[in-house]
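Now for the letters of each chain:
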Amino acid sequence: AMLGAIERYVKQALVDSSGQVSSAALVSATHLFERNPESAAIVKRWISETTEATSSPNEMVQFHAMQLLYQIKKHDRLGMQKLVTQFSQRNTLKSPLALVLLVRYTAKLLNDEVTEGRMTSGTSFQNGSTFARSGYAFLEASLRHKSEMVVYEAAKAICALPNIEPQELSPAVNVLQLFLSSPKPAVRFAAMKTVSQVAVGHPRMVSKCNEDLESLISDANRSIATLAITTLLKTGSENSIDRLLKQISVFLSEIPDEYKITIVRSLQRLCLTYPAKHRVLVGFLSNFLREEGGFDFKRSIVNSIISLIKQVPETTESSLLHLCEFIEDCEFTMLSTQILHLLGELGPGTQAPARYIRFIYNRVILENSAVRAAAVAALSKFAARCPSLRTSIMTLLKRSLDDEDDETRDRASVAVSVLKGAMDEFPYVAPDEEAEPTPEEEPVQDAPQAGDPAAFVLLQGLPMSFDRLDRSIRAYVKAPAALESAEQLTFSALPIVEEYAVPESAADDAGEMGGDAVLMAAVTGEKEEKKEVVDPAAAVYAIPELASLGRVFRSSPPTELSEEETEYVVRCIKHVMPEHIILQFLIQNTVDDQRLENCTVAIEGDSECFEVAGEVAAENIKYGETVNAFTVVTRNPEVPLAPCNFECVLRFGIVQVDPKTGEDESDPFDEEYPLEELELATSDFMAKVSVPDFRQGWEQVGNTNEVLEKFALQFKKQEDAVAAVIDFLGMQPCDGTGHIKPGEGGKKPHMLHLSGVFVGGTQVLARAQVAAQGDASGVLLKIAVRSDDPDVSRMVADCIR
């Protein structure tokens, strides 16, 4: 109200001849616009005065006027395009700050042209829509402005445009190359940072700046020097690697650890680009393991070497030896245990596994209890996988039977006991060295025989993670009469528990730590906060009539059947059993002068597979309370599953009550309230369960019951199609294939690996290739589904719609 009263004065101030008054009015209007919708509506009426202010001779007035115009028009795409086009063609803006804003607005609109699908894939900005052509032309013209600020902003904007062609990028890179030799450190740093980002997607474009980049390695500003090195590592050729490493070795000893970590990650990427140089690069990294440095720096090197072992197998043996030498003088318990675990996994498979035994046993003699325990576990794995080494390793393990640490002693005693039994049952017979092998004879492999107990106990992993085992046992115990059952408790008897989503930030943090977040917490003494996962089926087991139907296979996330703002809020959780589906309806009463009685949800659908068998009513729901009602649906297992929609109606009795006292004021009367339709889909019968090794699991299932299908999906973006396929099938993505890496969407087909368990305990695996079609007509999906049951494979493949 007060703003309305003074509106006339503020409008006059916007175009005041004094630049200070006009700027103050524009800044105040910007704050008012963000305050509340009522103020924003009034400020929108000042658009003509704000536009007039952009012609002010005062540079700050132009800047603040451009800010306010953007605030007013930012949700109007066509209005913003008109604004940008007018100002870019008129050349009325003299303020560098205002021009910087105009460049940013233009870049945002060009980015939206691509991301929202208004520019077809493969089309350059110079051949795109009218706005794309004029917008890019303005950015390119801004590269020739007299202000360094505007020139840099335009170059940065061009470099950040999605799917930009090399010829369109070239003018910006040329400008940035000139800035690299600027006498101003801020300009050099800004140009260097942008060039470094361009090098990720367009290394060849940046390679012409290599001479300038090499001169910046000796820059007094260490941030600039670090960026120069990491950029050279992205753009350098295979022949220049040795020369670069010589320059880096001098530089690394002079900079803090945070800069060293950045360079280590760049060296890791370089090794993946040029695998033939792995010996030189791994040797260079291992040299710095023995230099002075903090934990984070050493951990980054170790994680890089481990990552290279996985991605470039040729590095395995040399890398393991470098890591062995590092743990001889390693002061960090976490890194020692991580490396010992790696040696236990990979060492026995190398050509000469015996060479690692000395390094591992030295840790048993010289280290603390955590490292000793890890060393004993590693020795046990060597003995289990290499029968020729069992006798000598047994001698070493027996010395740990009297260790003062309980964990070390227990691991040693288990290993000795298991290995002794294996050696008695499968004694090792050394090959005759004097006998000359005939060409037909295969060389004797140093590997455990079939049925070897040591290989089973010491090498075979659990069929599920400890976290899933913990949740599965808790779910087993909570089921009615579980502890009184005569059924033997085995892995197959445990209930299926689904994977639950990990926040992306947490997953990223774990990735940066090399997957050792839990170990890190154990070593540092920090307790990892872990929220207990509540079993959704507990509400079912609490009602004896429902509990007698058996154990719940899986429970779905809640489905909204009404809007949150309505009088009665209803959500549904689907509890799936082999032959029943229990629909749990969570009913909330949001009317303060009503009490609900005898609430049920009646469902009706046309399906041969499902039939309603009974209901459990919610007897009494007061204002603000949420109470459960249940509907039991039986499933005919002989009829193939097919999606079915049920019409839902909430039926209840209403009793009028006094909102203040809660006393009844009327007799109950019946009422009905229509709800949204509820779908029972095939994916509801699929539990999201991952497999430890998807490739191995895929081969084990075989293609006997494989179903192959091809679909054309109507999605504009490849990322949306991937998310939809996962949702349709209701399965768990494996091997990190559930997301497309930023910037890679649409460039190449994405392979999706999915696993799950269908109701009844049938393991299901699926491989899907999601490819964006070049003509922007949609997405092509090729999918293969494997399981032990052909009917299940067909039902899962038919989930795509």
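Residues numbered from 1 in each chain as written. Predicted model: local features only at pLDDT ≥ 70, side-chain atom pairs only at ≥ 80, totals over all residues. Heavy atoms only, no water.

1. Overview of the overall build of the protein
- In terms of helices and strands, the protein carries 33 helices and 17 strands.
- The principal-axis extent of the C-alpha atoms belonging to the protein is close to 100 × 90 × 50 Å.
- For the protein, the residues scored as buried account for 48% of the 801 residues in total.
- Expressed as a percentage of contacts within the protein between residues at least 6 apart in sequence, the contacts between residues at least 24 apart total 64%.
- By element, 50% of the accessible surface of the protein is carried by carbon and sulfur atoms, the whole surface being about 41,500 Å².
- Seen as two clouds, the 77 positive and the 115 negative side-chain charges of the protein have centres 10 Å apart. (Helix = DSSP H or I, 4+ residues; strand = E, 2+ residues; numbered from the N terminus. Buried < 20%, exposed > 50% of the residue type's maximum accessible area, 1.4 Å probe, protein only. Contact = heavy atoms within 4.5 Å. Areas by Shrake-Rupley, 256 points an atom, 1.4 Å probe, with all protein chains shown as cover. Lys, Arg positive; Asp, Glu negative; His and termini not counted. Charge placed at Lys NZ, Arg CZ, Asp CG, Glu CD.)

2. Comments concerning the packing of helix α6 (residues 77-90) against helix α7 (residues 96-115)
- At their nearest, the axes of α6 and α7 sit 10 Å apart, and the two run at 135° to each other. Between α6 and α7, the angle is such that the two are oblique. The way α6 lies across α7 gives a crossing that is left-handed. Of the residues in α7, those in contact with Arg77, Met80, Gln81, Val84, Phe87 and Ser88 of α6 are Leu102, Tyr105, Thr106, Leu109 and Glu113. (Axes fitted to C-alpha atoms, helices over the stretch in contact; angles between N-to-C directions. Parallel < 35°, antiparallel > 145°, perpendicular 65-115°, else oblique. Left-handed = near helix turned anticlockwise from the far one by under 90°.)

3. Description of the environment of Lys398
- Note that Lys398 resides in helix α23 (residues 390-398).
- Taking relative accessible area as the criterion, Lys398 reaches 45% and is therefore assigned partly exposed.
- Linking Lys398 and Val779, residues 381 residues apart in sequence, is a C-alpha distance of 61 Å.

4. Quick notes on helix α20 (residues 333-346)
- Taking 1.5 Å per residue, 14 residues should reach 20 Å; α20 reaches 20 Å between its end C-alpha atoms and fits that length.
- When you tally the buried positions in α20, you get ten out of 14 residues, the bulk of the element.
- Among the residues of α20, Met334, Leu335, Ser336, Thr337, Gln338, Ile339, Leu340, Leu342, Leu343 and Gly344 are the ones counted as buried. (Expected span 1.5 Å × (residues − 1).)

5. Concerning a negative patch on the surface
- On the surface, Glu560, Glu563, Glu564, Glu565, Glu604, Glu647, Glu676 and Glu677 cluster together to form a negatively charged patch.
- Mapped onto the elements of the fold, Glu604 is located in strand β5 (residues 594-604). (Patch = residues over 30% accessible without salt bridge, like charges linked within 9 Å, V, L, I, M, F, W, Y side chains within 5 Å. Salt bridge = Lys/Arg side-chain N within 4 Å of Asp/Glu carboxyl O.)

6. Describing the pattern of salt bridges
- Following the criterion strictly, the structure yields 23 salt bridges and no others.
- Here Lys381 ties to Glu345 by a salt bridge, and the two come within 2.6 Å at their closest N and O atoms. Placement of Lys381 in helix α22 (residues 369-385) and of Glu345 in helix α20 is noted, with a sequence separation of 36 residues between them.
- In this structure, the salt-bridge partner of Asp403 is Arg372, at a minimum N-O distance of 2.9 Å. Taken as a pair, Asp403 in the loop between α23 and α24 (406-425) and Arg372 in helix α22 lie far apart in primary sequence, 31 residues in all.
- Classification of Asp403 by relative accessible area gives buried; the value is 13%.
- In this structure, a network of salt bridges that share partners links the residues Glu328, Arg363 and Glu367.

7. Overview of the environment of Leu389
- Relative to the helices and strands, Leu389 resides in the loop between α22 and α23.
- Leu389 gets classed as buried once you look at its relative accessible area, which sits at 13%.

8. Brief notes about the side chain of Glu113
- Here Glu113 is to be found in helix α7.
- Judged by relative accessible area, Glu113 falls into the buried class, the value being 3%.
- Among the polar contacts made by the side chain of Glu113, one reaches the side chain of Gln81 at a distance of 3.2 Å.
- Apart from the residues lying within four places of it in its own chain, the contact partners of Glu113 are Arg77, Gln81, Arg118, Met119, Ser129 and Phe131. (Polar contact = N/O pair within 3.5 Å; in protein donor to acceptor, adjacent residues only side chain to side chain.)

9. As for the nonpolar core
- One finds Phe125, Met192, Ile263 and Leu343 to be the most contacted residues of the largest nonpolar core, which totals 134 residues.
- Not counting chain neighbours up to four residues away, the residues in contact with Leu343 comprise Leu320, Cys324, Ile327, Pro348, Tyr356, Ile360 and Phe382.
- Membership of the second largest hydrophobic core comes to 66 residues, among which are Cys572, Cys609, Cys648 and Phe685. (Core = buried A, V, L, I, M, F, W, Y, C linked by side-chain atoms within 4.5 Å.)

10. Some points on the packing of aromatic side chains
- Under the criterion given, the structure shown has seven aromatic pairs.
- Between Phe694 and Trp698, the aromatic rings sit 5.9 Å apart at their centres with planes inclined by 20°, giving stacked as the arrangement. On the criterion of helical spacing, the pair formed by Phe694 and Trp698 is a turn pair, its members being four residues apart in helix α31 (residues 694-701).
- Among the aromatic side chains, those forming a connected cluster through ring pairs are Tyr568, Phe652 and Tyr673.
- Here the guanidinium or amino end of Lys260 rests over the ring plane of Phe297, the centre of that ring lying 5.0 Å away.
- The side chain of Arg767 reaches across the aromatic face of Trp698, ending 5.7 Å from its centre. (Phe/Tyr/Trp six-rings, centres within 6.5 Å; stacked < 30°, edge-to-face > 60°. Lys NZ or Arg CZ within 6 Å of the ring centre and 35° of its normal.)

11. Remarks on helix α5 (residues 59-73)
- An ideal rise of 1.5 Å per residue puts 21 Å on 15 residues; α5 measures up with 21 Å between its terminal C-alpha atoms.
- The buried fraction of α5 amounts to eleven of the 15 residues, a majority that puts the element mostly inside the structure.
- Of the positions making up α5, those classed as buried are Val61, Gln62, Phe63, His64, Ala65, Met66, Leu68, Leu69, Tyr70, Gln71 and Ile72.
- Tucked inside the fold, the buried residues of α5 contact α2 (19-35), α3 (37-43), α4 (47-53), α6 and α7.
- The N-terminus of α5 is capped by Asn58, whose side-chain oxygen sits 2.9 Å from the backbone nitrogen of Met60.

12. Concerning the side chain of Ser196
- Mapped onto the elements of the fold, Ser196 is located in helix α11 (residues 185-201).
- With near-sequence residues (within four places) excluded, Ser196 lies in contact with Leu227, Thr230, Thr231 and Lys234.

13. What about the state of the cysteines?
- Using the criterion set out here, one finds zero disulfides in the structure.
- Cys324 takes part in no disulfide bond, and the closest cysteine sulfur, belonging to Cys330, lies 12 Å away.
- On the basis of relative accessible area, Cys324 is assigned to the buried category, the value being 0%.
- Cys799 takes part in no disulfide bond, and the closest cysteine sulfur to it belongs to Cys609, at a distance of 13 Å. (Disulfide = S-S within 2.5 Å.)

14. Here's the deal with the packing of helix α15 (residues 241-252) against helix α16 (residues 257-273)
- Direction vectors running N to C along α15 and α16 enclose 165°, while the axes themselves pass 12 Å from each other. The orientation of α15 with respect to α16, classified from their angle, is roughly antiparallel. In the crossing of α15 with α16, the sense of the turn from one axis to the other is left-handed. Within the contact between the two elements, α15 uses Ile241, Leu245, Ile248, Phe251 and Leu252 and α16 uses Lys260, Ile263, Leu267 and Leu270.
- Tallied by class, residues from the contact of α15 with α16 come to eight nonpolar, no polar and one charged. (Nonpolar A, V, L, I, M, F, W, Y, C, P; charged D, E, K, R; others polar.)

15. Some thoughts on the confidence of the model for the protein
- On average, residues of the protein score 83 in pLDDT, and 91% of them are at 70 or above.
- Scored below 50 in pLDDT, residues 502-529 makes 22 contacts in the model with residues more than four places away or belonging to other chains. (pLDDT = per-residue confidence, 0-100.)

16. As for unusual backbone geometry
- In the Ramachandran plot, Asn163 falls in the positive-phi region, its phi being about 55° despite a non-glycine side chain.
- With respect to the element layout, Asn163 can be found in the loop between α9 (148-160) and α10 (166-179).
- Its identity as a non-glycine residue notwithstanding, Asn598 has a phi of 50°, on the positive side.
- In this fold, Asn598 is placed in strand β5.
- Look at Asn598 and you get exposed, because its relative accessible area is 52%.

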